[in-house]
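Next come the chains, spelled out residue by residue.
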Amino acid sequence: MNSIQELFQKKDKNLLSIYFTSGYPKLDDTARIIQKLSKSTVDFIEVGLPYSDPLADGPTIQDSSQKALENGINLDVIFQQLMPLKETNKTPLVLMGYLNQLLKYGEEKFCQKVVDCGIDTLIIPDLPMVEFENHYQELFDNYGLTNVFLITPHTSEDRIRKIDSYSKAFIYVVASASITGAKGAISNNQISYFERIKSMNLKSRLIVGFGISDKSTFNTACNYANGAIIGSAFIKDLGINGVDRIDDFIQPIIS
Amino acid sequence: MKSKFQPDENGYFGQFGGAFIPELLHPNVKELADNYIQIIESEEFQTEYKSLLKDFVGRPTPLYLAKRLSKKYGATIYLKREDLNHTGAHKVNNTVGQILIAKKLGKTKVIAETGAGQHGVATATVCALMNMECTVFMGEKDIVRQAPNVARMKMLGAKIVAATSGSKTLKDATNEAIRYWIQHPETFYLIGSVVGPAPHPDMVARLQAIISEEMKWQLKEKTGKENPDTIIACVGGGSNAAGAFYHYLEDEDVELIAVEAAGLGVKSGESAATSQLGEVGIIHGSKTILMQDEYGQIVEPYSISAGLDYPGVGPLHAFLYESKRAKFMNATDKEALDAAYELTKIEGIIPALETAHALAVLPKIDFKKDQVVVINLSGRGDKDLEIYIKYLEA
């Protein structure tokens with residue numbers, strides 16, 4: 001069974017997921033950040049694979065990715081950093097990157113490395129459904145990997161139903177028409193969108209992301225979904241307060 | 001049967017193309033994909049498009065026999081004078097067409113990316129004409145090196161947004177335009193080249209195809225034959241080349257030459273010769289050939305010419321390269337500058353720096369006597385005077 005699916009069997013409300021950019025702030029921070037997040041009882045962790053041209057990301061993740069690349073991060077280093085955690089880390093990991101990284105690294109080689117690291121879930125924001133159907137579904141199935149699809153306020157009901165049928169981990173509910181790092185409170189429009197998705201009674205669990213930054217936005221999202229993802233706000237905090245103070249960021253959100 | 005140079009139902013030319021876009025752009029891209037061919041082929045569109053091309057843009061553009069250039073290189077060289085279009089380049093063929101499509105789809109706000117500023121100016125121009133709100137994304141580095149076009153865009157009422165990420169050039173301007181589009185899905189993304197997610201590459205190629213459509217009858221008038229022996233065009237993203245090649249793609253006897261910017265030299269590490277330095281990958285929503293490192297990180301290109309300073313190439317061109325239908329050559333900064341001066345001095349035409357790259361391969365080709373060559377003179381050089389003067393003084 002998929003690791004996130006397994007997690008939902010134990011807990012399926014108020015799940016907190018944290019996104020971080022591997023190789024940021026320092027090249028070798030990856031393992032420490034994962035350990036700290038686990039200790040702070042974050043439910044699952046998204047490991048960002050820094051990319052030079054991240055189209056779905058706002059300035060915060062762009063900057064952290066740029067810094068990480070300057071630090072010397074690359075897929076081989078990331079896999080080396082993640083491999084030893086396979087035995088000790090109990091918090092499910094999800095990899096988030098762009099399709100060109102996988103393409104250039106070699107699709108089969110990439111999938112094998114992911115499996116070797118004990119990871120089974122991927123988020124690739126620029127992998128469209130038609131390409132998934134024509135090629136990647138079979139590839140990922142062969143390696144026991146699951147792709148997470150994103151839905152947005154503009155995704156049609158038909159398409160959401162189709163995405164639901166393909167989803168084995170969860171559906172990533174993009175909170176607004178936005179790139180990552182959107183700011184502010186959750187609007188009434190967003191609430192009615194969340195309500196619409198909730199009322200569709202999908203088989204998949206729902207996790208909200210893009211624009212979730214603090215306790216208030218996290219709680220609102222959790223009223224309509226199984227949990228939420230915080231990315232840019234965490235990266236920002238990491239840049240200011242560093243890896244040692246991670247728990248100070250997490251506790252106010254979950255307490 | 002459908003031509004192999006037309007995209008399939010998923011927007012692929014061979015293995016290149018597709019629409020690798022975040023889910024948020026799916027409705028926009030689908031709306032366009034479902035409608036663009038029908039709109040372009042409608043009588044209403046054709047009437048308005050052709051009328052604007054004639055009376056607003058000034059088409060047909062002349063096909064000019066460059067006698068002194070011909071004599072120098074021992075061939076019969078024609079220049080397709082896209083530089084004489086309103087706004088000074090071929091870019092306006094596409095913006096006139098796309099603004100009509102935007103109008104038909106009920107859009108009122110337009111965004112665009114620009115490198116040299118020619119597409120930005122052409123977009124700002126048609127937005128002024130159609131009373132639409134216009135925002136142009138331009139790399140910070142290009143804003144400096146193409147200042148006259150920035151001023152023109154502002155005068156035309158466009159808002160200019162500086163792209164400050166990455167290399168601060170065309171690639172980054174395109175990233176920022178796409179990010180803005182994600183956040184404002186009600187806007188129409190008026191893309192400037194045969195790049196981006198399907199159906200943009202095909203749509204832009206169809207709108208630039210007017211160049212080769214005219215070449216056919218103009219050559220027939222002048223030489224008695226519709227087909228030249230060779231067509232030469234510069235390639236950044238590839239829109240002017242796509243237009244100049246379009247109606248000749250199936251005519252295998254016509255040699256097609258695409259000229260890329262070699263910057264300081266193909267192997268210098270400061271180049272934009274994508275076909276020579278690139279590999280298969282995804283950029284701006286399209287699978288194509290692009291300059292990247294071993295981990296798929298996009299490499300920052302370099303060329304003196306802002307319009308060719310791009311690490312990818314449109315998917316049709318990737319297909320033309322792979323299938324060997326087109327021959328890919330390249331020219332360095334210096335070769336382009338020398339070619340610009342040569343054309344200016346012997347034909348009295350100051351070409352754009354982009355166009356100068358197409359001219360710069362003339363000394364590298366061994367022409368047969370009476371070989372009929374058409375060079376697509378994609379734009380004029382007013383915007384490049386500062387760089388030209390600096391070169392002259394150096």
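Residues numbered from 1 in each chain as written. Chains lettered and ligands numbered in written order. Predicted model: local features only at pLDDT ≥ 70, side-chain atom pairs only at ≥ 80, totals over all residues. Heavy atoms only, no water.

The helix and strand inventory of chain B stands at 16 helices and 14 strands. The globule rule puts the C-alpha radius of gyration for 394 residues at 21 Å, and the 19 Å found for chain B is close to it. The principal-axis extents of the C-alpha atoms in chain B amount to approximately 55 × 45 × 40 Å. The buried share among the 394 residues of chain B stands at 66%. Considering only residue pairs separated by 6 or more positions, chain B has 74% of its internal contacts joining residues 24 or more positions apart. Surface exposure of chain B reaches about 14200 Å², of which carbon and sulfur atoms provide 52%. (Helix = DSSP H or I, 4+ residues; strand = E, 2+ residues; numbered from the N terminus. Rg over C-alpha atoms; globule rule 2.2 N^0.38 Å. Buried < 20%, exposed > 50% of the residue type's maximum accessible area, 1.4 Å probe, protein only. Contact = heavy atoms within 4.5 Å. Areas by Shrake-Rupley, 256 points an atom, 1.4 Å probe, with all protein chains shown as cover.)

Residue and element names in this part refer to chain B. With their axes 14 Å apart at the nearest point, helix α2 (residues 43–57) and helix α5 (residues 118–130) run at an angle of 110° to one another. Between α2 and α5, the angle falls in the class roughly perpendicular. Judged by the twist between their axes, the crossing of α2 over α5 is right-handed. Two secondary-structure elements touch here, α2 through E48, L52 and F56 and α5 through T125, L129 and M130. Taken together, the residues of the contact of α2 with α5 sort by class into four nonpolar, one polar and one charged. (Axes fitted to C-alpha atoms, helices over the stretch in contact; angles between N-to-C directions. Parallel < 35°, antiparallel > 145°, perpendicular 65-115°, else oblique. Left-handed = near helix turned anticlockwise from the far one by under 90°. Nonpolar A, V, L, I, M, F, W, Y, C, P; charged D, E, K, R; others polar.)

A few words now on the nonpolar core. Residues B:I99, B:I101 and B:F245 are the most contacted members of the largest nonpolar core, which totals 97 residues. Counting 96 residues, the second largest nonpolar core, distinct from the first, contains A:V47, A:Y136, A:Y143 and A:I250. (Core = buried A, V, L, I, M, F, W, Y, C linked by side-chain atoms within 4.5 Å.)

Attention now goes to the packing of aromatic side chains. Counting across every chain of the model gives 22 aromatic pairs over all chains. Centre to centre, the rings of A:Y105 and A:F110 are 6.5 Å apart; their planes meet at 85°, and the pair counts as edge-to-face. One exposure class covers both A:Y105 and A:F110, and it is buried. Between B:Y341 and B:Y388, the ring centres sit 6.1 Å apart and the planes meet at 70°, which makes this aromatic pair edge-to-face. With B:Y341 in helix α14 (residues 333–347) and B:Y388 in helix α16 (residues 385–393), this pair connects stretches of sequence that are 47 residues apart. The exposure class of B:Y388 is buried, given its relative accessible area of 5%. (Phe/Tyr/Trp six-rings, centres within 6.5 Å; stacked < 30°, edge-to-face > 60°.)

All names here are of chain B. When you tally the buried positions in strand β12 (residues 286–290), you get five out of five residues, the bulk of the element. Direction of pairing for strand β11 (residues 279–283) relative to β12: antiparallel, over a ladder of five bridges. Residue pairing for β12: I283 is matched across the bridge by S286. Here β11 hands over to β12 after two residues, with H284 in that stretch at a positive phi of 50°. (Pairing = 2+ DSSP bridges.)

Turning to the environment of B:H284, a few remarks are in order. With respect to the secondary-structure elements, B:H284 resides in the loop between β11 and β12. Considered as a pair, B:H284 and B:L79 are 205 residues apart in the sequence and their alpha carbons are 32 Å apart. With sequence-adjacent residues up to four places away left out, B:H284 is seen in contact with A:L55, B:K171, B:T174, B:N175, B:I178, B:G196, B:P197 and B:Y310. A polar atom in the side chain of B:H284 sits 2.9 Å from the side chain of B:N175. (Polar contact = N/O pair within 3.5 Å; in protein donor to acceptor, adjacent residues only side chain to side chain.)

Take the pattern of salt bridges next. Using the criterion set out here, one finds 37 salt bridges over all chains in the structure. B:K334 is the salt-bridge partner of B:D338, the closest N and O atoms lying 2.9 Å from each other. You can see B:D338 and its partner B:K334 sitting in helix α14, four residues apart, about one turn around the helix. One salt-bridge network, held together by shared partners, links A:D29, A:R32, A:K36 and A:D244. (Salt bridge = Lys/Arg side-chain N within 4 Å of Asp/Glu carboxyl O.)

To continue, consider the interface of chain A and chain B. On the side of chain B, 33 residues touch chain A, which itself brings 36 residues to the contact. Carbon and sulfur atoms make up 55% of the surface buried where chain A meets chain B, a total of about 2900 Å² over both sides. On the chain A side of the interface with chain B, the three residues burying the most area are A:D53, A:L55 and A:K104, jointly 24% of the side's total. Between chain A and chain B we count three salt bridges in total. A:D53 is the salt-bridge partner of B:K171, the closest N and O atoms lying 2.7 Å from each other. (Buried area = accessible area lost by both parts, 1.4 Å probe.)

A word on the side chain of B:T87. Looking at where B:T87 falls in the secondary structure, it is placed in the loop between β4 (76–80) and α4 (91–104). With sequence-adjacent residues up to four places away left out, B:T87 is seen in contact with B:V92, B:Q118, B:V121, B:A122, B:T125, B:R152 and B:R380.

So, on to the packing of α2(B) against α4(B). Residues and elements named next belong to chain B. Interhelical geometry of α2 versus α4 gives an angle of 140° and a closest axis separation of 10 Å. Between α2 and α4, the angle is such that the two are oblique. α4 is crossed by α2, and the crossing has right-handed handedness. Of α4, the residues touching α2 (which contributes E44, F45, E48, Y49, L52, L53 and V57) are V92, N93, V96, G97, L100, I101, K103 and K104. A class-by-class count of the residues in the contact of α2 with α4 yields nine nonpolar, two polar and four charged.

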